[in-house]
Structures are given as C-alpha cells and as structure tokens.
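# Reading the structure
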Amino acid sequence: MPHNNNPVSNNYPMFIDEAQIWVKAGDGGNGCLSFRREKFIPKGGPDGGDGGEGGNVYFQTVENLDTLMDFTGKHHWHAQNGKDGSGKNKHGADGRDLIIDVPPGTLIYDSDLGLLLKDLSEVGLKVCICRGGKGGRGNKAFATATNQAPRTTTAGKKGRERNIRLELKLIADVGLVGMPNAGKSTLISRCSAARPKIADYPFTTTEPVLGIVELSDFRRFVMADIPGLIEGSHNGAGLGFEFLKHIERTRIIAHMLDIMPVDGSDPVENYKAIRHELEQYSKALAQKAEIIVANKIDLDPDAIIVKNLRKKVKKKIYPISAVTGEGVKELSELLWEKVKETKTAEAQ
Ligand SMILES: Nc1nc2c(ncn2[C@@H]2O[C@H](COP(=O)(O)OP(=O)(O)OP(=O)(O)O)[C@@H](O)[C@H]2O)c(=O)[nH]1
Ligand SMILES: [Mg+2]
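Here the residue numbers are simple positions, counted from 1 along each chain's written sequence. All chains are assigned letters beginning at A, and all ligands numbers beginning at 1, according to the order in which they are written. pLDDT decides what is reported in this predicted model: residues at 70 or higher carry local features, side-chain atom pairs at 80 or more are listed and counted, and totals for whole chains, interfaces and linings draw on all residues regardless. Computation of side-chain values: all heavy atoms of the structure, hydrogens and water removed.

### Let's talk about the overall build of the protein chain
Each helix corresponds to a stretch of at least 4 residues labelled H or I by DSSP, and each strand to a stretch of at least 2 residues labelled E; elements are numbered beginning at the N terminus. Along its length, the protein chain carries 7 helices and 14 strands. Computed over the C-alpha atoms, the radius of gyration of the protein chain is 30 Å, more than 25% above the 20 Å expected from 2.2 N^0.38 for a compact globule of 348 residues. Taking the principal axes of the C-alpha coordinates as reference, the protein chain spans close to 105 × 40 × 35 Å. Of all 348 residues assigned to the protein chain, the portion counted as buried reaches 48%. Radius of gyration means the value over C-alpha atoms here, while the globule rule gives 2.2 Å times the residue count to the 0.38 power. Exposure categories follow from relative accessible area, calculated using a 1.4 Å probe and restricted to protein chains: below 20% of the type maximum is buried, above 50% is exposed, and the middle band is partly exposed.

### A closer look at helix α6 (residues 304-313)
Along α6, the residues that are buried comprise Val306, Leu309 and Val313. Looking straight down α6, one finds that the buried residues subtend no more than 55° of arc, so they occupy a single side. The exposed set on the far side of α6, more than 90 degrees from its buried face, consists of Ile304, Lys307 and Lys311. Residues count as neighbours in contact if any of their non-hydrogen atoms are within 4.5 Å of one another. Taken together, the buried residues of α6 touch β12 (252-258), α4 (267-281), β13 (289-295) and β14 (317-319). Taken from the residues just after α6, Lys314 is the one with a positive phi, measuring 60°. Comment: arc refers to directions from the helix axis out to C-beta atoms.

### Quick notes on the site of ligand 1
The environment of ligand 1 is made up of 24 residues, and the closest members are Lys184, Ser185, Thr186, Phe203 and Thr204. Two N or O atoms form a polar contact when they lie within 3.5 Å of each other; inside protein one atom must be a possible hydrogen donor and the other a possible acceptor, and for residues adjacent in sequence the pair counts only when both atoms belong to side chains. The backbone of Ala199 places a nitrogen or oxygen atom 3.3 Å from an oxygen atom of ligand 1. Its free accessible area being 660 Å², ligand 1 has 88% of it covered by the protein chains. The dominant element in the shell around ligand 1, judged by the number of residues it contributes, is helix α2 (residues 184-191), at 3 residues. For this classification, the nonpolar set comprises Ala, Val, Leu, Ile, Met, Phe, Trp, Tyr, Cys and Pro, the charged set comprises Asp, Glu, Lys and Arg, and every other residue, Gly included, is treated as polar. In the shell around ligand 1, the residues fall into 11 nonpolar, 9 polar and 4 charged. We define proximity as follows: a residue is near a molecule or strand when any one of its heavy atoms falls within 4 Å of that partner. Here the accessible surface of atoms and residues is derived via Shrake-Rupley with a 1.4 Å probe, and residues count as covered only by protein chains that are part of the display.

### A word on the packing of aromatic side chains
Aromatic ring pairs: the centre-centre distance and the angle between the two ring planes describe each pair. Working definition: a ring pair exists when centres of Phe, Tyr or Trp rings (six-membered ring for Trp) sit within 6.5 Å. Plane angles under 30 degrees give stacked, over 60 give edge-to-face, the rest tilted. Scanning the model with the defined rule gives 1 aromatic pair in all. Geometry around Tyr109 places Arg165 over its ring, the cationic atom sitting 4.5 Å from the centre. Should the NZ of a Lys or the CZ of an Arg lie within 6 Å of a ring centre and within 35 degrees of the ring normal, that charge is described as sitting over the ring.

### A closer look at the sheet that holds strand β2 (residues 57-61)
In this scheme, strands are said to pair when DSSP sees at least two bridges between them. Ordered by their spatial adjacency, 3 strands build an open sheet running β4-β2-β7, and the pairing between neighbours is mixed. Taken across any chain shown, the strands that pair with only one partner, and hence form the sheet edges, are β4 (98-102) and β7 (126-130). For this sheet, the mean angle separating the axes of adjacent strands, direction not counted, is 30°. Looking at chain direction, β2 and β7 are connected through 4 bridges and run antiparallel. Note that in β7 the partner of Phe59 across the bridge is Val127. The convention used is that axes are lines fitted to C-alpha atoms, helices contributing only their stretch in contact, and that angles between N-to-C directions extend from 0 to 180 degrees.

### Here's the deal with the side chain of Arg220
Along the chain, Arg220 turns up in strand β11 (residues 220-225). Apart from the residues within four sequence positions on either side, Arg220 is in contact with Asp66, Thr67, Met69, Asp70, Ile212, Val213, Glu214 and Trp336.

### Section: the environment of Lys245
Looking at the secondary structure, you find Lys245 in helix α3 (residues 241-247). A relative accessible area of 26% places Lys245 in the partly exposed class. Taking C-alpha positions, Lys245 is 8.5 Å from Leu285, a pair spaced 40 residues apart along the chain.

### Observations concerning unusual backbone geometry
Located in the positive-phi region is Asn181, a residue other than glycine, with phi close to 75°. Relative to the helices and strands, Asn181 is located in the loop between β9 (174-178) and α2. Since its relative accessible area comes to 18%, Asn181 is described here as buried.

### Considerations on the pattern of salt bridges
Salt bridges are defined by distance alone: a side-chain nitrogen of Lys or Arg within 4 Å of a carboxyl oxygen of Asp or Glu. Going through the model one piece at a time under the given rule, you end up with 16 salt bridges. Arg251 serves as the salt-bridge partner of Asp173, at 3.0 Å between the closest nitrogen and oxygen. Here Asp173 is found in the loop between β8 (161-170) and β9, whereas its partner Arg251 is found in the loop between α3 and β12, with 78 residues between them in sequence. Among the salt bridges present, the one from Lys338 reaches Glu341, with a minimum N-O distance of 3.9 Å. Taken together, the positions of Lys338 and Glu341, both in helix α7 (residues 328-347) and 3 residues apart, correspond to about one turn of that helix. Ionic contacts of the salt-bridge type, sharing partners, join the residues Glu18, Arg165 and Glu167 into one network.

Scope: geometric values only; no functional claims are made or implied.
Here's what the structure looks like:
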C-alpha cells in the first residue's frame, strides 16, 4: 500500500497511522408478493409490503480515541440489511446504521479510487460513506385500476460497499532525543510494537519511527524515535535537523543519555551539547518539559556513573537499561504521568 511517512517530503505532520478496511451498507429488503387471504373475503387484493432500507455506514469523530489501532483486528464492517416486506402490507424493518468511531484527524480515502472522501479534522463530525440499499416494493404498490392483482415485486437494492483506507496524522506525545547510539531505538522497541533498526553505529535511524506505548487499563501514549542529534544539528548537521520541527510538536521530550559512550565522550558534555542544539533550534523546543534518561545502566553495576551524572547535571535523572529492561516500566509510567499533566494543562 503506498504511503508516505517521509517527513522530508511531507512537511507536517509526519507520523501516520493507517488502517485498511472494507465497509458495506445494508442491502434493502425485498418487496413481498402476497394476497389477502381471509375468511369470507374470497378474492382479497394484493397486500405484499415493501422491503426495509439497508442501514448506512457513517464515520464519526469522537474524543478519547487517538489511534487507529482498533481497526487492526477487524477489517470487515457491515451495516444491517433491511428486512423483507411481508403480507398484510407489512413493511420490512429498516436496517440499523453502522456508525464507526475514529479519532479526530482521520482522513478517509476510497482506496480503489485513490480518492479522499473526507477529512474528519475535529471531534463531533459525522459523514455518511456508504448509503444503504433502498427496499424493494411489494406487489401492493403495483396495484392499479386496471391491474388489481399484480404479481410484480422488486428486489431490494444492494447497499454500497467500499474499500476504505483510514489515515491518521499523529502527533507524538513523547519525543526521544539524544546523541546517535544512545539507545533511543532500543528503548522504543522495548516499550512499544515499533521495530526500528538497532545497531552499534551512529545514525542507524534515518527516519522517525513511531511507537505506541501501551500500559495497563488501556492507557497509552505515542512515542517518536528520531535520528540522533549532534553538534550543529540545528544548522543542518547530521540527520536530526529535519526532525527537530516535529519534536517541537510533541508534548514532552525524553532526553536519552548514553552513560558509557563508545567514543569515550563525556555524558555530561553530551547532555549539554544536545541541550544547546535544542535551545539554538527554537525557544519552544528548549522550553518543553524534559525527562532525562540515563541509559545502559547494565554497564554501571555500582551506579557510580549515574551518581556522578546526577551531581553534575543537577537535575532529576531516570536510570534505565533499554537492553535488560530495568527501569523501563517505571519510565513508561512516568512519561505517561507527564503526558497526562500536559494534556490537562492544555485543556484548562
Ligand atoms: N549495554 C547496553 N547497550 C545498549 C543499551 N541500549 C542500547 N544499547 C546498544 O547501543 C547501540 C545503539 O542502540 P540504538 O538503539 O540503535 O541507538 P539509537 O540512539 O537509536 O542510535 P541512532 O539511531 O544511531 O541515533 C546498540 O548496539 C544497542 O544494542 C543498554 O541499555 N545497554
Ligand atoms: Mg536509532
């Protein structure tokens, strides 16, 4: 399926969540062929009722949804068919509409036509994507003065079906920043289903990767892994520059420090260098809430390096090992809390 999540050519927003589904409106019920048959009324007239209408398929945007993950396990969505008409002029019941909830920011495409049907940009929008089929007519409807006993009925019309591609522009809640090789991709692959490439050389990550971090009780947030930053990133050095503008849109930054860089550099200096890049890039970025994560603590069993880091950086530091998983759960909970705080602050 063609889809472009290359932020360089796509400007903004870059993170795209997608789902491919098939939707079908209900078929109309068939018209009924029937004649009145009652005691003492030998030749009753036609009394076949019309079929009910098929249900429509709607999409609507709701609050509290922020991914298209609910569509991964369900590809077929079907509104109810209309019921057939029956004797005694009974109309068939209309089929129930199907209303599909999507998060605000969802684009709805007809994937066969490659056509954008609707941009559901805000909460509270609702759009009909497939109309249900009309009900067929019962023979009663065909009775005329000259044909009082018609045997004609029509079948219900088919409900419309479409192959739909949903595309959601996501803005990550947490942006991972740090030097190349700090272990950003290792972390995102440990706490989400994202599987970016991981390797022991700098600039392994060349494009942002998005992961959804899931916690208990359906809590989740979106984390973005971007290419490593280096000195001069704000001026375009390395790969990170293109992606800083997206990190600017995240709610918080998780600043990842490698406590034992293979190039022998000093983690404190590295921390300052990245801070400098963020500050040079923009005020908004520099002012964003930051969680400092000290990674690779499995290499520091006596916690001496972390202790030293705390002393020098003079800020709260959260130690983890993205490889062994130590501290990752606690970090995820903390990030969730911080994301929630910023969401609450925004809502006020
Ligand atoms: N010992 C140890 N090694 C780690 C840990 N986390 C990551 N690494 C290693 O560090 C190297 C770099 O990891 P990545 O996750 O690719 O680092 P990155 O920050 O995404 O790097 P770039 O994409 O190049 O910016 C890999 O060899 C990882 O196996 C950790 O907690 N402990
Ligand atoms: Mg990486």
